[in-house]
Number of protein chains: 2
Amino acid sequence: MVTLKGQDMSNPSAAMLVIGDEILSGRTRDSNLHHLAKELTAHGIRLAEARVVADEHDRIVAALNDLRGGVDHVFTSGGIGPTHDDITADAVAAAFGVPIDVRDDARALLEAHYQRTGLDLNAARLRMARIPEGATLIDNPVSAAPGFTLGNVHVMAGVPAIFQAMVASVLPTLTGGDALLSQALDVRRGEGEIAGPLGELAARYPMLGFGSYPWIRDGAHGTQIVVRGTDGAQLDAAMVELTRMLDARA
Amino acid sequence: MVTLKGQDMSNPSAAMLVIGDEILSGRTRDSNLHHLAKELTAHGIRLAEARVVADEHDRIVAALNDLRGGVDHVFTSGGIGPTHDDITADAVAAAFGVPIDVRDDARALLEAHYQRTGLDLNAARLRMARIPEGATLIDNPVSAAPGFTLGNVHVMAGVPAIFQAMVASVLPTLTGGDALLSQALDVRRGEGEIAGPLGELAARYPMLGFGSYPWIRDGAHGTQIVVRGTDGAQLDAAMVELTRMLDARA
């Protein structure tokens, strides 16, 4: 695989922190990382790193403090539900060194929701109104319990439908960079055969990113070549050269 | 969500490092983490953390050195192909401070494979025989180019079919702990309604892990409760109590 380099390094950067034992035990296949990665790329924000940690206070705090200084935005998923081990909000408060308690505006959102659905706003559910001091709420159109943004950390639910709704409300508020364009070419040749010429082409187009992804389907081997960049004209020119180059070696 | 705690903390621990821009750009949905998580759990090894980093030397080295001291095993996927930016092997060598070069036994594997398939073992492909000093090779029955184990770091390919084959050859060589058993119960009640009683039950069974996972299907809400542990009799007893408890509140 050839690294995507250069062309989007001036774009804002992000990291994701997935919080959940169920991902690490193999019970659940995470889908939030893939969703966020696609949305960020479309918005011109470069996802630099992702981590998955267990629901343990110290690990969440350490990961948050490790990540938030190195990127423009950190997005978290998971651990903001009603049970006593949904500890993400407390961990975020601890990471920033700010107090946390039930907040009136968050409580009002829950009260309205549970009144509407005829359910009891019990002590467990009220935990979801605990918001670190200084945070801004993130709207949850699915089940009311809000996410929040504190500093450059956006705290969102783990349930994919809610996570996606929260991403949709947060992203438009963030400054993006140039959207990353891409074109792909599928060849029935091994990565080892095209690695040389592809490396030469990549050297001549330093502002584009060249990726090669080997595949195996029904016993046949091949490679998908993906060229990415923010300059459409350069991208077109590189694809013409690439096609010519591979034809010449066919 | 309720944390999985206690019962498998004496088992060996592991971390995974996924190396690949294509995961972070959203082009590819990673499936290796989910596969490894399931296999490790079945083998009695606890996956404590996972990270995804870009194909950048310094980031890979830093992540490796951050992870390998804290767990019994680190598994990596990706970046060991033939292109000039497949840099995982060099990064692992740098992390351990050992030299790396083409090794005779790895070269012999590639020579045999390319002779058999009638393809040329060119300079790009020969890069896949670069192995850090002191490493043990990991068999690749799909496309010959080996992975390797250096210290407690197991370096494997990113292509899922090859990754899975390498996991299958490495895992039986590692000491596992007690296999983790689990039982699940699906209820049509919100997580907030069962959080209280579930927390009480979890407190009475400190050797078991209690997870609650909210779901939304066709507009209906519910929760799956998963109880995990290595002691089958305790697990059975807890499930009986759980069912009784939830019936009583129905």
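Residues numbered from 1 in each chain as written. Chains lettered and ligands numbered in written order. Predicted model: local features only at pLDDT ≥ 70, side-chain atom pairs only at ≥ 80, totals over all residues.

1. Details of the overall build of chain A
Summing up its helical and strand segments, chain A has 9 helices and 11 strands in all. Each principal axis of the C-alpha distribution contributes one length, and for chain A these read about 70 × 40 × 35 Å. The 250 residues of chain A split such that 47% are buried. Sequence separation of 24 or more characterises 69% of the internal contacts of chain A that already satisfy a separation of 6 or more. (Helix = DSSP H or I, 4+ residues; strand = E, 2+ residues; numbered from the N terminus. Buried ≥ 20, exposed ≤ 12 C-beta atoms within 10 Å, placed from the backbone. Contact = placed C-beta atoms within 7 Å.)

2. Examining the interface of chain B and chain A
Interfaces are often sized by the amount of accessible area the parts lose when they come together. Listed by partner, the interface residues are 53 residues for chain B and 54 residues for chain A. Elements with a contribution of two residues or more to the side of chain B that touches chain A: α1 (21-24), α2 (32-42), β2 (46-53), α6 (123-126), α8 (191-204) and β10 (209-217) of chain B. Residues of the side of chain B that touches chain A, tallied by class, amount to 23 nonpolar, 17 polar and 13 charged. Bridge analysis of strand β2 (residues 46-53) of chain A against β2(B) gives 5 bridges, and the strand direction is antiparallel. Pairing of Val53(A) across the sheet is with Glu49(B), part of β2(B). (Nonpolar A, V, L, I, M, F, W, Y, C, P; charged D, E, K, R; others polar. Pairing = 2+ DSSP bridges.)

3. Comments concerning the sheet that holds strand β8 (residues 153-156) of chain A
Overall, mixed pairing links the 12 strands, which are arranged β6(A)-β7(A)-β8(A)-β3(A)-β1(A)-β2(A)-β2(B)-β1(B)-β3(B)-β8(B)-β7(B)-β6(B) in an open sheet. Of all strands in the sheet, those with a lone pairing partner are β6 (136-138) of chain A together with β6 (136-138) of chain B, marking the two edges. Across this sheet, the average inter-strand angle for adjacent strands is 20°, counted without regard to direction. Relative to β8(A), strand β7 (residues 147-150) of chain A runs antiparallel, the two sharing 3 bridges. (Axes fitted to C-alpha atoms, helices over the stretch in contact; angles between N-to-C directions.)

4. Remarks on the environment of Gln115(A)
Residue and element names in this part refer to chain A. With respect to the helices and strands, the residue Gln115 is situated in helix α5 (residues 104-117). Look at Gln115 and you get exposed, because 10 C-beta atoms sit within 10 Å. As for Gln115 and Asp21, which are separated by 94 residues in sequence, their C-alpha atoms are 32 Å apart.

5. Observations concerning the pairing of strand β7 (residues 147-150) of chain B
Strand direction decides the pairing type here: β6(B) and β7(B), joined by 3 bridges, are antiparallel. Looking at the pairing, Ile138(B) lines up with Gly147(B) of β7(B).

6. Concerning the environment of Val74(B)
Residue and element names in this part refer to chain B. Along the chain, the position of Val74 falls in strand β3 (residues 73-77). Taking the C-beta count within 10 Å as the criterion, Val74 has 26 such neighbours and is therefore assigned buried. In this structure the C-alpha to C-alpha distance between Val74 and Gly147, which are 73 residues apart in sequence, comes to 13 Å.

7. A short note on the nonpolar core
Core analysis: the largest hydrophobic core is formed by 104 residues, its most contacted members being Met16(A), Leu17(A), Leu64(A), Met16(B), Leu17(B) and Leu64(B). Setting aside chain neighbours within four positions, we find Leu64(A) in contact with Leu17(A), Val74(A), Ala91(A), Val92(A), Ala95(A) and Val153(A). One finds Leu198(B), Leu201(B), Tyr205(B) and Leu242(B) within the second-largest nonpolar core, a separate group that totals 15 residues. (Core = buried A, V, L, I, M, F, W, Y, C linked by C-beta atoms within 7 Å.)

8. A few points about the relation of the copies chain B and chain A
Between the two copies, chain B and chain A, the superposition gives an RMSD of 0.0 Å; the rotation angle is 180° and the shift along the axis is 0.0 Å. Within this description, the copies of the chain are treated as partners about a two-fold rotation axis. Identified as the residue of chain B closest to the rotation axis by C-alpha distance is Arg51(B), at 2.1 Å. (Least-squares fit on C-alpha atoms with pLDDT ≥ 70 in both.)

9. Examining the packing of α2(B) against helix α7 (residues 160-170) of chain B
All names here are of chain B. Contact geometry of α2 with α7 gives a least axis separation of 10 Å together with a crossing angle of 20°. In terms of orientation, α2 lies roughly parallel with respect to α7. Seen along the crossing, α2 lies across α7 with a hand that is right-handed. Contacts between α2 and α7 pair Asn32, His35, Leu36 and Glu39 from the former with Pro160, Phe163, Gln164 and Val167 from the latter. Considering only residue class, the contact of α2 with α7 consists of 4 nonpolar, 3 polar and 1 charged. (Parallel < 35°, antiparallel > 145°, perpendicular 65-115°, else oblique. Left-handed = near helix turned anticlockwise from the far one by under 90°.)

10. Side note on the packing of helix α3 (residues 57-67) of chain B against helix α4 (residues 88-96) of chain B
What describes two packed helices is the angle between their axes and the distance between those same axes. Residues and elements named next belong to chain B. Taken N-terminus to C-terminus, the directions of α3 and α4 make an angle of 50°; their axes are 9 Å apart at the nearest point. Classed by the angle they form, the pair α3 and α4 counts as oblique. Where α3 crosses over α4, the two elements pack in a sense that is right-handed. Seen from α3, the contacting residues are His57, Ile60, Val61, Leu64 and Asn65; seen from α4, they are Thr88, Ala91, Val92, Ala94 and Ala95. Split into classes, the residues belonging to the contact of α3 with α4 amount to 7 nonpolar, 3 polar and no charged.

11. Some points on the sheet that holds strand β11 (residues 220-229) of chain B
All names here are of chain B. One open sheet accounts for 3 strands, arranged β9-β11-β10; its pairing is antiparallel. At either end of the open sheet lies a strand with only one pairing partner, and these are β9 (181-187) and β10. Here the strands of the sheet are splayed against their neighbours by 20° on average, with no regard to which way each runs. Bridge count between β10 and β11: 9 bridges; the pairing is antiparallel.

12. What to know about α7(B)
Within the sequence span of α7(B), burial applies to Ile162(B), Phe163(B), Ala165(B), Met166(B) and Val167(B). Buried positions along α7(B) lie against α2, β3, β6, β7 and β8 (153-156) of chain B.

13. Re the pairing of β8(A)
Residue and element names in this part refer to chain A. Side chains Val153 and Val155 of β8 all project onto a buried face; the interleaved residues His154 and Met156 project onto the opposite face, where all are buried too. The sheet contact formed by strand β3 (residues 73-77) and β8 spans 4 bridges and is parallel. Looking at β8, one finds that Ser77 is bridged to Met156. Between β7 and β8, which follow one another and run antiparallel, lie 2 residues, and Gly151 among them has a positive phi close to 60°.

14. What to know about the domain arrangement of chain A
You can read the domains of chain A as domain 1 (13-173) and domain 2 (181-248). Computed over C-alpha atoms only, the centres of domain 1 of chain A and domain 2 of chain A are separated by 38 Å. (Domains from an automatic or database assignment.)

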